[in-house]
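Listed here are the chains, written in short residue letters.
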Amino acid sequence: MQKFLTDVHTHSTFSFDGVDTLDTMLKTAHEKGVAFYGVAEHFNYDSCEAYVKELPQDIDQDGYFHKGRHLQDDYAGCMNVLIGAEFGFTFDEKAIKRYLEVYEKYRPDFVVNSIHNKDGWDYYTKKPYYTADGTLKDKKQAYGEYLQLVKQSLDAPYPYDIVAHIGYCIRYAPYDDVSITLAEFGAEIDEILKGIIQRDKILEVNSGYYGGLCLPTEEILRRYYVLGGRKLSFASDAHDAGRILDKREEIVDVLKKIGFTYIIVPCRGEHIKVEL
Ligand SMILES: [Zn+2]
Ligand SMILES: [Zn+2]
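To start, this report covers the structure provided alongside it.

### As for the packing of helix α5 (residues 139-153) against helix α6 (residues 182-198)
Now for step 1: Interhelical geometry of α5 versus α6 gives an angle of 10° and a closest axis separation of 10 Å. By the angle between their axes, α5 is roughly parallel relative to α6. For the pair formed by α5 and α6, the contact residues are K140, Y143, G144, L147, V150 and K151 on the first element and E184, F185, E188, I189, E191, I192 and G195 on the second.
Now for step 2: Its residues assigned to classes, the contact of α5 with α6 shows six nonpolar, two polar and five charged.

Here you go:
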């Protein structure tokens, strides 16, 4: 096992919210010395129509995979570029069919499975924190619903490798104390972590969170380790070139302190171990 810089799960302007082009992202990643660079553009077919009307979320699938595969070839020998996808989990059958079609047609190098939405509404819109009549749910209910979705997403009917940014619900939470702790949600979190381990999936450590070091939190990462979880991926979830590898060193220090010795890079079904 060798030491390499990895950043698996990033975006470019192929995603509706990406800032820099794929060319710029790859050029910067290469300059920063990244050895394994994974692109996981948003396939947000879980967004409800109402939300789609507010934000254009449809990705140019052909354009992305065509360009991505070309750039992958261009960088061959100097940087391992992985052309992946981020699927927003949903129970909607039409959306699931689209994910399966994307998988069959383009064979992404890896798939990130994410909960962004509840009932088609991104937590970003804050709607999942409120009941239909506009009453604010208490944290126990709102986070409980989110964690239930994460648990259900583990049995997604499409192939995936990575369970992304657990704790996403805290990013936009309208509570004085937004923390998601084992004291409050230990049973739900344990079920998810055990589910990841049993299914041989990879738990993502996502540095794209400003209320703390990463998602999931250090407490949850520690619990994963105690339960026997060893497969982690590192993701800046960068939407602009400046954030590639963001907070990686700090996060690696924390992971080593917990006991982790390697990080995983998923590529076409293979789990490549890279020393931390
Ligand atoms: Zn995401
Ligand atoms: Zn993402």
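Next comes the rest of the account.
### Concerning helix α7 (residues 218-226)
Now for step 1: Among all positions in α7, only I220, L221 and Y224 are buried. Buried residues along α7 cover an arc of 100° about the axis, so they all sit on one side.
Now for step 2: If you follow the buried residues of α7, they end up packed against α6, β8 (202-206) and α8 (248-258).
Now for step 3: The positive-phi residue at the C-terminal boundary of α7 is G228, with phi of around 105°.

### Concerning the pairing of strand β11 (residues 270-275)
Now for step 1: In terms of strand pairing, strand β10 (residues 262-267) meets β11 through six bridges, oriented antiparallel. Considered in β11, the bridge of I263 is made with V274.
Now for step 2: Turn length for the β10-β11 hairpin, with the two strands adjacent in sequence and antiparallel, is two residues, and the turn residue R268 shows positive phi of about 50°.

### Observations concerning the environment of I170
Now for step 1: Along the chain, the position of I170 falls in the loop between β7 (162-163) and α6.
Now for step 2: I170 sits in the buried class, given 22 other C-beta atoms within 10 Å.
Now for step 3: Once you skip the residues sitting within four places of it in the chain, I170 turns out to touch V178, I180 and G211.

### Side note on the pairing of strand β3 (residues 80-88)
Now for step 1: Taken across its nine residues, β3 has nine buried, putting it largely inside the fold.
Now for step 2: As paired elements, strand β2 (residues 34-43) and β3 share eight bridges and run parallel to each other. Residue pairing for β3: F43 is matched across the bridge by F87.
Now for step 3: Bridge analysis of β3 against strand β4 (residues 111-114) gives four bridges, and the strand direction is parallel. Looking across to β4, one finds that G88 is bridged to S114.
Now for step 4: Crossover β3 to β4 through helix α4 (residues 93-106) is right-handed.

### Observations concerning the nonpolar core
Now for step 1: If you look at the biggest cluster of nonpolar residues, it comprises 72 residues, and the most contacted ones within it are L82, Y146 and C169.
Now for step 2: Once residues within four sequence positions are removed from consideration, C169 is found in contact with Y123, A142, Y143 and Y146.

### Description of α4
Three- or four-residue spacings in an α-helix give side chains the same orientation, since the helix completes a turn every 3.6 residues.
Now for step 1: Compared with the 20 Å implied by 1.5 Å per residue over 14 residues, the 20 Å span of α4 between its first and last C-alpha is a close match.
Now for step 2: Of the residues making up α4, those classed as buried are A95, Y99 and V102. What you see down the axis of α4 is that its buried residues fit within an arc of 60°, all on one side. Those residues of α4 that are exposed and aimed more than 90 degrees away from the buried face are E93, K94, E104 and K105.
Now for step 3: Where α4 is buried, its residues meet β2, α3 (61-75) and β3.
Now for step 4: Where α4 terminates, the next one or two residues include R107, which has phi positive at roughly 45°.

Rules and cut-offs
- Residues numbered from 1 in each chain as written.
- Chains lettered and ligands numbered in written order.
- Predicted model: local features only at pLDDT ≥ 70, side-chain atom pairs only at ≥ 80, totals over all residues.
- Axes fitted to C-alpha atoms, helices over the stretch in contact; angles between N-to-C directions.
- Helix = DSSP H or I, 4+ residues; strand = E, 2+ residues; numbered from the N terminus.
- Parallel < 35°, antiparallel > 145°, perpendicular 65-115°, else oblique.
- Contact = placed C-beta atoms within 7 Å.
- Nonpolar A, V, L, I, M, F, W, Y, C, P; charged D, E, K, R; others polar.
- Buried ≥ 20, exposed ≤ 12 C-beta atoms within 10 Å, placed from the backbone.
- Arc of directions from axis to C-beta.
- Pairing = 2+ DSSP bridges.
- Right-handed = clockwise from strand over helix to strand, strands pointing away.
- Core = buried A, V, L, I, M, F, W, Y, C linked by C-beta atoms within 7 Å.
- Expected span 1.5 Å × (residues − 1).

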